[in-house]
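# Structural characterization, general
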Amino acid sequence: MTDASLWTPAALEAATGGSLRGEPRPIAGASIDTRSLEPGDLFFAIRGEARDGHDFVTAALDKGAGAAVVAASRAGEFEKIGPVLAVPEEGDDPVLEAMRRLGLAARARTGAAIVAVTGSVGKTGTKEALRHVLSAQGATHASVASYNNHWGVPLTLARMPAESRFGVFEIGMNHGAEILPLTAMVRPDVALITTVEPVHIEHFRSLSAIADAKGEIFSGLKPGGVAVINRDNPNYERLLAHAHASRAGRVITFGEHASADVRAQRILTRPDVSVVDATVMGIPVTYQLGTPGRHVAMNSLGVLACIHALGADLARAALSLAALKPPVGRGERTALRIEQGAGEAEAFLIDESYNANPASIRAALATLASIETGPKGRRIAVLGDMKELGAAGETLHRELADAVAANGIDRVFAVGPLMAHLFEALPMPVRGAAGLTAADVTDAVLATLRPGDAVMVKGSNSMRMVRIVEAVKARYAVAPDPREASLNAVR
């Protein structure tokens, strides 16, 4: 066992209450999925909705897992195959309970300054922005992708090196009281709510109830911690009440509101970047964002509020934002090359396929409107159903017609029975094609693209809008210059 190991055998047993059987390999990480497992990962055989992780223990050990965490009653099945950590039979899922305990141990041993992020829209992008700017200032550990639920949060904690200087955790929910146990585990020094919008409204009686659920994040703040709140949000006062009811020692607000502590004086959006003139606690700051979009610019104010709250270098963080690029599925841009007579011309693809709700679709349409198209180019939106909107679903989809018109969208393709209500509300010249699945409209989207177009794809994850993105890239994407790739690798 090397000093570089994430967890020593003694620490694993002490934290989980388990018993090691066999000598574990040096532990380098943690995993619950054999498809992404790396050699040295501690594999947790948790029970998923469809499969039991114990069915994959052999595969995990064969791939080089440092050890497999299994229920004590199942340990005998695997101890001859490789090292296992047998954990007590506690709770509905003893392995998940063991992972939670290991996460708590990771939080207890670190001296890192911790930020927790939630919000109806923009929490993953904001988490990634915080990871980006803080990584330039010290060892930073952050949630992978959108690992923000009852297993994602403890898994992220369990992966956290003790020597981390900063930690950034995304915390999500779609029901009330889901954030409470997660923020209690993370115990953030700073907690940020990006905004409150009608997302997951199917499970809540009102927007105020969603605000109350988001406000739970402040309950986990360490004594004297900082609550960061969007001052522009209509539920600001409600969120502020949650902050005051917590152990927060301070509240910092951000937005365009005249009283915001971190205030945008001007936001200039361009096709590939945004420029923000702001004041941070009265200090003028001008910075550029490598990720375009007004909504991204607004969330960057929350990022700077967190940087100030942490006592990190504000000027350095503002400079770092210029190199921030959108993650896959959340605004990633791809140049397309489409035949034009005897030659070829460019178009652009904006991949927003990861998820969708009314606020994020409106923001994405506004970003599409800011794209400079080529001669005769059009702005094309390919939109899939937004889920978990309950009885308001039909209305919220239909009402997007106003945003389509206001942003000058030339053509809309609709995927799903709910998005069909938007399609029917659009003027005939704007209607592209509609279908129940992504596959139903893929060929129509591919056929309609022409030089100069800008096409944006967005929908709830379950709509598999990424398949349309993949099809467009497969036919039209410009291959990266290998010389540029080599340069990037050494920069």
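Cut-offs used in this document
- Residues numbered from 1 in each chain as written.
- Predicted model: local features only at pLDDT ≥ 70, side-chain atom pairs only at ≥ 80, totals over all residues.
- Heavy atoms only, no water.
- Core = buried A, V, L, I, M, F, W, Y, C linked by side-chain atoms within 4.5 Å.
- Buried < 20%, exposed > 50% of the residue type's maximum accessible area, 1.4 Å probe, protein only.
- Contact = heavy atoms within 4.5 Å.
- 1 Å grid on protein atoms, 1.4 Å probe; cavity = no way out; pocket = protein on both sides within 12 Å on 5 of 7 lines; lining within 4 Å.
- Points joined across faces, edges and corners; volume = space filled by probe spheres on them.
- Helix = DSSP H or I, 4+ residues; strand = E, 2+ residues; numbered from the N terminus.
- Pairing = 2+ DSSP bridges.
- UniProt positions renumbered as here; feature names shortened; annotations may be inferred.
- Polar contact = N/O pair within 3.5 Å; in protein donor to acceptor, adjacent residues only side chain to side chain.
- Nonpolar A, V, L, I, M, F, W, Y, C, P; charged D, E, K, R; others polar.
- Salt bridge = Lys/Arg side-chain N within 4 Å of Asp/Glu carboxyl O.
- Axes fitted to C-alpha atoms, helices over the stretch in contact; angles between N-to-C directions.
- Phe/Tyr/Trp six-rings, centres within 6.5 Å; stacked < 30°, edge-to-face > 60°.
- Lys NZ or Arg CZ within 6 Å of the ring centre and 35° of its normal.
- Right-handed = clockwise from strand over helix to strand, strands pointing away.
- Expected span 1.5 Å × (residues − 1).

### A look at the nonpolar core
Core analysis: the largest hydrophobic core is formed by 40 residues, its most contacted members being Leu-130, Leu-134, Val-228, Val-276, Tyr-287, Leu-301 and Ile-307. Excluding residues within four positions of it along the chain, Tyr-287 makes contact with Ser-274, Val-275, Val-276, Ala-278, Ala-297, Ser-300, Leu-301, Leu-304, Ala-318 and Leu-321. Ranked by size, the runner-up nonpolar core spans 30 residues in total, among them Ala-116, Met-173, Ile-193 and Ala-209.

### Structural notes on the layout of surface pockets
Of the volumes computed, that of the second largest pocket is approximately 360 Å³. Mapped onto the lining of the second largest pocket, the elements with two or more residues apiece are strand 15 (332-340) and strand 16 (343-352). Tallying contributions element by element places strand 15 first for the lining of the second largest pocket, with four residues.

### Here we look at the pairing of strand 5 (residues 84-87)
On any regular strand, side chains alternate: one points to one face of the sheet, the next to the other face. Every second residue of strand 5 is oriented toward a common face, with Val-84 and Ala-86 on one face and Leu-85 and Val-87 on the other, all of them buried. In this structure, strand 1 (residues 19-21) lies alongside strand 5, joined through three bridges in antiparallel fashion. From the neighbouring strand, Leu-20 faces strand 5, where its bridge partner is Leu-85. In the sheet, strand 4 (residues 67-71) pairs with strand 5 via four bridges, with the strands oriented parallel. Its bridge partner lying in strand 5, Ala-68 is registered against Val-84.

### Examining the UniProt feature "domain: Mur ligase C-terminal" (unreviewed entry) in the protein
Here, the residues flagged by UniProt with the feature "domain: Mur ligase C-terminal" (unreviewed entry) are residues 349-460. Between the end C-alpha atoms of residues 349-460 the distance is 18 Å, and the span holds 38% helix and 22% strand.

### Let's talk about the side chain of His-141
Structurally, His-141 can be placed in strand 7 (residues 140-142). Since its relative accessible area comes to 11%, His-141 is described here as buried. At a separation of 2.7 Å, a polar atom in the side chain of His-141 contacts the main-chain carbonyl oxygen of Thr-156.

### Regarding empty space enclosed by the protein
Going through the model one piece at a time under the given rule, you end up with one cavity of 30 Å³ or more. Its boundaries defined by the atoms lining it, the largest cavity holds a volume of some 30 Å³. Every residue lining the largest cavity is listed: Thr-16, Val-87, Pro-88, Glu-90, Pro-94, Glu-97, Ala-98 and Arg-101. Per-element tally for the lining of the largest cavity: the top contributor is helix 3 (residues 94-109), with four residues. Split by residue class, the lining of the largest cavity holds four nonpolar, one polar and three charged.

### Overview of the pattern of salt bridges
Here the structure, examined in full by the defined rule, presents 19 salt bridges. A salt bridge links Arg-266 to Asp-277; its shortest N-O distance comes to 3.1 Å. A residue pair is termed long-range when its members are at least 10 positions apart, and Arg-266 in strand 12 (residues 262-269) and Asp-277 in strand 13 (residues 274-280) qualify at 11 residues. One salt bridge in this structure joins Glu-352 and Lys-458, with 3.5 Å as the shortest N-O distance. Of the two residues, Glu-352 sits in strand 16 while Lys-458 sits in strand 20 (residues 454-458), which places them 106 residues apart along the sequence. Like Lys-458, Glu-352 is buried. Several salt bridges share partner residues, and in doing so they unite Arg-47, Asp-52, Arg-74 and Glu-77 into one network.

### Notes on the sheet that holds strand 5
Strand order in the open sheet formed by five strands is 1-5-4-3-2, with mixed pairing between adjacent strands. Looking at strand neighbours, the two that pair on one side only are strand 1 and strand 2 (29-31), the edges of this open sheet. The mean angle between the axes of side-by-side strands here comes to 25°, regardless of whether they run parallel or antiparallel. Taken together, the three bridges between strand 2 and strand 3 (residues 41-44) define a ladder with parallel strand orientation. Residue Ser-31 lies in a different strand from strand 3, and its bridge partner there is Phe-43.

### Quick look at the sheet that holds strand 10 (residues 226-230)
The strand order 7-8-6-9-10-11-12-13-14 describes an open sheet built from nine strands, whose pairing is mixed. Of all strands in the sheet, those with a lone pairing partner are strand 7 and strand 14 (283-289), marking the two edges. The average undirected angle you get between the axes of adjacent strands in this sheet is 20°. Note that strand 7 and strand 8 (residues 166-170) share three bridges and pair parallel. Counted as the bridge partner of Ala-142 is Val-168 from strand 8.

### Section: the packing of aromatic side chains
Tallied over the full model, the rule gives one aromatic pair. Note that Arg-109 overlies the ring of Trp-7, its terminal NZ or CZ placed 3.7 Å from the centroid. The aromatic ring of Tyr-354 is capped on one face by Arg-330, whose charged end is 3.9 Å from the ring centroid.

### Describing the pairing of strand 19 (residues 431-435)
Relative to strand 19, strand 18 (residues 411-415) runs parallel, the two being bridged by three bridges. When the bridges of strand 19 are listed, Ala-414 appears paired with Ala-434. This β-α-β element, strand 18 to helix 14 (residues 419-425) to strand 19, shows right-handed connectivity.

### Re helix 9 (residues 294-310)
Taking 1.5 Å as the rise per residue, helix 9 with 17 residues should run 24 Å; its terminal C-alpha atoms sit 25 Å apart, in good agreement. Taking burial as the measure, the 17 residues of helix 9 include 13 buried ones, the bulk of the element. One or two positions beyond helix 9, positive phi appears at Gly-311, with a value near 75°.

### Structural notes on the environment of Ala-315
Positionally, Ala-315 belongs in helix 10 (residues 314-320). Once the C-alpha coordinates of Ala-315 and Thr-286 are considered, the two residues, 29 residues apart in sequence, prove to be 9.5 Å apart.

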